[in-house]
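So you can see what is in the structure, the chains are spelled out below.
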Amino acid sequence: MAGGTERSMKALKEVWRRAENSLCADCGKPDPDWASSTLGVFICLSCSGIHRNIPSISKVKSLKMDHWDDAQVQFLAKHGNAVTKATYEAHIPIYYYQPTYNDCQVLREQWIRAKYERKEFTEPGKQLPYSDGVKEGILWKRGRDNGQFLPRKFLLSEREGCLKYFTKQDAKEPKINVKIDVINATFQPVKIGNPNGLQITYLKDNKTRNIFVYHDSGKEVVDWFNAIRSVQFHYLKVAFPIASDNEIKNRLTRNFLKEGYMEKTGPKQREAFKKRWFTLDHRRLMYFKDPLDAFAKGEVFVGSRENGYSVQKGLPLGTQGNFSWHYGLTIVTPDREYLFTCETETDQLDWIAAFASVINQAMTPQEYASKCLDAVSFLS
């Protein structure tokens, strides 16, 4: 009996060591140490918890702590991540967002359920709830002035190339009508205070506006998210007919590079530093009095190193403004310097790394055009 157990463990380790099984099959996290004995995939601890919630589909066991019999090991050896992915991820629409281990729970859960429970990607041309080019329904939207979440009707239309929302179910005219190419959407469960919280941003008069929504159903809110990406993809395919699918995919919704509190001072650099919430959305740095503000109080364009932009640790010598946080950083632009302070050294280094990642990238022609339109100051 002991010999059989030893033989099974040796065979299990051999399968586990295969290159294809070195990353979680669902989120890509390195060194997964769990596996599904019914699906044959190697997964991380976090994804194993999601699998555990769909026991009719997946039964998970620890590769380190649980016993695996010969039949189960042979099943893993026959399948593994590559074979299973070839079945359950065979026909993923290019616009569909495939979450990583850095993404929130609702995105990862619905990705796993879409693959294994609903089998959305096993057949070509399958009709999916986010692929129709139109989506209509109710989302709970945060009020701009009172902060209360109220049900609002939203309409997404590929034919019209826009997203609308209405304050009343029977309203003839929408409260907003936003072109799909100026929309971004990113999940913000912590900031919104709901596990299904979604932040929709759009540009109006070249300034950013925020809408905060959620839905009680995780599937529904993720379907809305992928429907936005689907409509964007098809809109951009028409607008940029010679662009490759991957080039267009990279222009769909994006996560913010970094968010958090910093202190800032004004352009004269003698004013007291004020604590503000900052969002770095690629080359747009925005700040708000409150993380859930509908409008940014200011925005600044962050260009490339070749165009005179840089980020420096610390503040210029002789900085006069009063500040309570002592880990400073300076953004240098062709026009002026922007001074910030962070509460901790970790925050400081994280912000510097985020700014550097943007500044070290060459600017696209579209970003040059955006820079010309940006003339927003950090006065408030």
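On a predicted model such as this, the values are computed, not experimentally measured, just so you know.

Quick word on helix α2 (residues 45–52)
If you check which residues of α2 are buried, you get C47, S48, I50 and H51. The arc that holds the buried residues of α2, viewed along the axis, is 155°, so those residues lie on one side. For α2, the elements touching its buried residues are β1 (34–36), β2 (42–43), β3 (60–62) and α5 (105–117).

Observations concerning the packing of aromatic side chains
Summed over all chains, the structure comprises 19 aromatic pairs. For the pair F154 and W224, a centre-to-centre distance of 6.4 Å together with 75° between the ring planes defines the contact as edge-to-face. Taken as a pair, F154 in strand β5 (residues 149–157) and W224 in helix α7 (residues 218–239) lie far apart in primary sequence, 70 residues in all. Grouping aromatic residues by their ring pairs yields a cluster made of Y95, Y96, W111, F121, Y130 and F233. Sitting above the plane of the W68 ring, K61 keeps its charged end 4.8 Å from the centroid.

Some remarks on the UniProt feature "domain: Arf-GAP" (unreviewed entry) in the protein
Mapped onto this numbering, the UniProt entry gives "domain: Arf-GAP" (unreviewed entry) at residues 6–129. Secondary structure across residues 6–129 comprises 40% helix and 6% strand; the distance between its end C-alpha atoms is 48 Å.

A closer look at the side chain of E299
Positionally, E299 belongs in strand β14 (residues 298–301). Assessed through its relative accessible area of 4%, E299 is described here as buried. Within the local environment of E299, its side chain forms a polar contact with the backbone nitrogen of T208, the two atoms lying 2.6 Å apart. At 2.3 Å, the side chain of E299 forms a polar contact with the side chain of R284.

Some points on the sheet that holds β2
Strand order in the open sheet formed by three strands is β2-β1-β3, with antiparallel pairing between adjacent strands. Strands at the two margins of the open sheet, each flanked by one partner only, are β2 and β3. Sheet analysis places β1 next to β3, joined by three bridges and oriented antiparallel. Bridging from a neighbouring strand, W34 pairs with S62 of β3.

Brief notes about the UniProt feature "domain: PH" (unreviewed entry) in the protein
Feature annotation in UniProt places "domain: PH" (unreviewed entry) on residues 132–233 and 255–360, given in this structure's numbering. Annotated as residues 132–233, this span is 20% helix and 46% strand, and its ends, taken at the C-alpha atoms, are 13 Å apart. Across residues 255–360, helical content stands at 14% and strand content at 38%; the span's end C-alpha atoms are separated by 19 Å.

What about the environment of P124?
With respect to the helices and strands, P124 occurs in the loop between α5 and β4 (134–142). Take P124: its relative accessible area is 60%, and that puts it in the exposed class. Separated by 122 residues in the primary sequence, P124 and N246 have C-alpha atoms spaced 19 Å apart.

Section: the sheet that holds strand β10 (residues 207–214)
Taken together, seven strands build an open sheet; the order of strands is β7-β6-β5-β4-β10-β9-β8 and the sheet is antiparallel. For this open sheet the edge positions go to β7 (176–179) and β8 (183–187), each flanked by a neighbour on one side alone. Sheet twist, expressed as the mean angle between neighbouring strand axes with direction ignored, is 35°. As defined by bridge partners, β5 adjoins strand β6 (residues 162–166) across five bridges and the pair is classed as antiparallel. By the bridge assignment, F154 is partnered in β6 with Y165.

Description of the layout of surface pockets
What the second largest pocket holds in volume is close to 670 Å³. At the level of secondary structure, the elements contributing two or more residues to the lining of the second largest pocket comprise β4, β5, β7, β9 (198–204) and β10. Across the lining of the second largest pocket, the residue classes break down as 12 nonpolar, six polar and 10 charged. A domain split of the lining of the second largest pocket shows at least three residues from each of domain 2 (134–250) and domain 3 (258–377).

Re the packing of α5 against α7
What describes two packed helices is the angle between their axes and the distance between those same axes. It is at 10 Å that the axes of α5 and α7 come closest, and there the two elements cross at 90°. Classed by the angle they form, the pair α5 and α7 counts as roughly perpendicular. Contacts from V106, L107 and Q110 of α5 reach α7 at G218, K219, V221, V222 and F225.

Parameters and conventions
Residues numbered from 1 in each chain as written. Predicted model: local features only at pLDDT ≥ 70, side-chain atom pairs only at ≥ 80, totals over all residues. Heavy atoms only, no water. Buried < 20%, exposed > 50% of the residue type's maximum accessible area, 1.4 Å probe, protein only. Helix = DSSP H or I, 4+ residues; strand = E, 2+ residues; numbered from the N terminus. Arc of directions from axis to C-beta. Contact = heavy atoms within 4.5 Å. Phe/Tyr/Trp six-rings, centres within 6.5 Å; stacked < 30°, edge-to-face > 60°. Lys NZ or Arg CZ within 6 Å of the ring centre and 35° of its normal. UniProt positions renumbered as here; feature names shortened; annotations may be inferred. Polar contact = N/O pair within 3.5 Å; in protein donor to acceptor, adjacent residues only side chain to side chain. Pairing = 2+ DSSP bridges. Axes fitted to C-alpha atoms, helices over the stretch in contact; angles between N-to-C directions. 1 Å grid on protein atoms, 1.4 Å probe; cavity = no way out; pocket = protein on both sides within 12 Å on 5 of 7 lines; lining within 4 Å. Points joined across faces, edges and corners; volume = space filled by probe spheres on them. Nonpolar A, V, L, I, M, F, W, Y, C, P; charged D, E, K, R; others polar. Domains from an automatic or database assignment. Parallel < 35°, antiparallel > 145°, perpendicular 65-115°, else oblique.

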